[in-house]
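# Structural description and commentary
Next come the chains, spelled out residue by residue.
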Protein chains: 2
Amino acid sequence: MEEKIFKKFLKDRGQRLTRERAAILRKTSSSQGHFDPESLYLEMKKKSLKISRASVYRTLHILCECGLIEKVKKTEHGTIYEKTYGQGHHDHMLCLSCGEVIEFYSEDLERLQKDLCKKYGFQWTNHTLEIQGYCKKCLKKTG
Amino acid sequence: MEEKIFKKFLKDRGQRLTRERAAILRKTSSSQGHFDPESLYLEMKKKSLKISRASVYRTLHILCECGLIEKVKKTEHGTIYEKTYGQGHHDHMLCLSCGEVIEFYSEDLERLQKDLCKKYGFQWTNHTLEIQGYCKKCLKKTG
DNA sequence: AATGATTTTGAGAATCAATCTCAATTATTA
DNA sequence: TAATAATTGAGATTGATTCTCAAAATCATT
Ligand SMILES: [Mn+2]
Ligand SMILES: [Mn+2]
Ligand SMILES: [Zn+2]
Ligand SMILES: [Zn+2]
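Residues numbered from 1 in each chain as written. Chains lettered and ligands numbered in written order. Predicted model: local features only at pLDDT ≥ 70, side-chain atom pairs only at ≥ 80, totals over all residues. Heavy atoms only, no water.

Quick look at the overall build of chain A now. Counting secondary structure elements, chain A contains six helices and six strands. What you see in chain A, going N to C, is helices and strands ordered as α-α-β-α-α-β-β-β-β-α-β-α. For chain A, the residues scored as buried account for 42% of the 143 residues in total. Across chain A, every contact between residues at least 6 apart in sequence was considered, and the portion connecting residues at least 24 apart equals 48%. Summing over all exposed atoms, chain A offers an accessible surface of approximately 8,700 Å²; the carbon and sulfur share of this is 51%. (Helix = DSSP H or I, 4+ residues; strand = E, 2+ residues; numbered from the N terminus. Buried < 20%, exposed > 50% of the residue type's maximum accessible area, 1.4 Å probe, protein only. Contact = heavy atoms within 4.5 Å. Areas by Shrake-Rupley, 256 points an atom, 1.4 Å probe, with all protein chains shown as cover.)

What follows is the structure, encoded as structure tokens:
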């Protein structure tokens, strides 16, 4: 389970699983979907888990290195993250109207990309794909 | 040609094609590949085209709205742009070692994405795909 | 060409996410 | 327990970007 992984990861680097780090880990592990550091900070504050912004940012970094979460992208309002533990790889559709994020996965799409890389002599490690457009719900409203 | 398009676009909004805007347009039009506002600002400064940062940022915005350039993505060092006039749509491979950007296009990839959108009742408008990995050159070096 | 209205510019201030500083605190080791 | 090492938080700092606003440039009209 996540805490075990995180603890081991930290230990191997001579770092400690503090109360603050554990709290942030729990928060991100139980998170549904995408999140950003500031919101996470504010939510923890509300819940009387007063952890400084510095620690939030620092811990999110470590969690990335550890592979438990990942940066999704940078926006004008800051960086978006998502947890990766227990989540398969996927890509995103983003509704330009309501902001909804649809997660999807396509084996064909993955294979096609790897084929393309081969063609260019490029050694694939990972990728990010975001499709922008309008979701079903918004299409109904606007007609 | 670009200047004509830009001029018309501005005129239609009651805006003017000033010396500053024209200079930035020329610079971006003649640009090869990707660029960022700060570098563009510094280069123009070197060439005795002293244009303020404010104007650079403002003009890049307008050029985006006009469709002559596009934001590629946001990085920790700022926003990356590229010109779009005369360039077909394409996606990117980014070398994690040397930073090289390979531009590529795949009809199959495009079709596949549109099919996926259909499946989700999502109305496609555009997308961005970045494949991260290692380029041919770097692979040779590192073995 | 002069007048008056409109738009644009640039210098520097403001904003905002993210990082850094460093003294005080906490955990680990001897 | 004392010495050592890691961590925290408050606030300062950085860096990209935006904003402010007075001065300059451009346009339309007489
Ligand atoms: Mn996701
Ligand atoms: Mn490109
Ligand atoms: Zn929507
Ligand atoms: Zn390379």
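Now that the structure has been shown, we can carry on.
All names here are of chain B. Taken together, the protein donors to the zinc ion (ligand 4) comprise Cys95 (SG), Cys98 (SG), Cys135 (SG) and Cys138 (SG), at separations of 2.2 to 2.4 Å. What the four donor atoms of the zinc ion (ligand 4) show is an angle range of 104 to 115° at the metal, which sorts the shape as tetrahedral. Here the donor residues of the zinc ion (ligand 4) are spaced in sequence according to C-x2-C-x36-C-x2-C. Overall, Cys95 belongs to the buried group, its relative accessible area being 2%. (Donors = N, O, S within 2.8 Å, 3.2 Å for Na, K, Ca; no water. Tetrahedral: all angles 85-135°; square planar, octahedral: opposite > 155°, others 65-115°.)

Residue and element names in this part refer to chain A. The strand order across the open sheet formed by three strands is S1-S3-S2, and the pairing between neighbours is antiparallel. Unpaired on one side and paired on the other, strand S1 (34-35) and strand S2 (69-75) mark the two borders of the sheet. Alignment of S2 against strand S3 (residues 78-83), held across six bridges, turns out to be antiparallel. Considered in S3, the bridge of Lys71 is made with Tyr81. Contacts from helix H4 (residues 53-66) reach S1, S2 and S3, with the element oriented near 120° to S2. (Pairing = 2+ DSSP bridges. Axes fitted to C-alpha atoms, helices over the stretch in contact; angles between N-to-C directions.)

Around DNA strand C sit 20 residues, and of these A:Tyr57, A:Thr79, B:Thr18, B:Arg21 and B:Ser55 come closest. In DNA strand C, atoms within 4 Å of the protein come from the sugar-phosphate backbone in 78% of cases. In the environment of DNA strand C, a phosphate oxygen lies 2.5 Å from a nitrogen or oxygen atom belonging to the side chain of B:Arg21. At the level of elements, H4 and S3 of chain A together with helix H2 (19-29) and helix H4 (53-66) of chain B are the ones that each hand at least two residues to the surface near DNA strand C. The residue makeup of the surface near DNA strand C, split by class, is five nonpolar, nine polar and six charged. (Near = heavy atom within 4 Å. Polar contact = N/O pair within 3.5 Å; in protein donor to acceptor, adjacent residues only side chain to side chain. Nonpolar A, V, L, I, M, F, W, Y, C, P; charged D, E, K, R; others polar.)

A word on the domain arrangement of chain A. Residues and elements named next belong to chain A. You can read the domains of chain A as domain 1 (1-87) and domain 2 (90-143). The distance between the C-alpha centroids of domain 1 and domain 2 comes to 25 Å. In this assembly, four residues from domain 1 lie in contact with six residues from domain 2. When domain 1 packs against domain 2, the two sides together hide about 410 Å² of surface, and 46% of this comes from carbon and sulfur. The largest share of the area that domain 1 buries against domain 2 comes from His34, Lys73 and Glu82, three residues that together contribute 68% of it. Run the count over domain 1 and domain 2 and you get one salt bridge. One salt bridge in this structure joins Lys73 and Glu130, with 2.8 Å as the shortest N-O distance. Remark: the boundary between domain 1 and domain 2 carries four residue pairs in polar contact (both at pLDDT 80 or more). Across the side of domain 1 that touches domain 2, the residue classes tally to one nonpolar, one polar and two charged. (Domains from an automatic or database assignment. Buried area = accessible area lost by both parts, 1.4 Å probe. Salt bridge = Lys/Arg side-chain N within 4 Å of Asp/Glu carboxyl O.)

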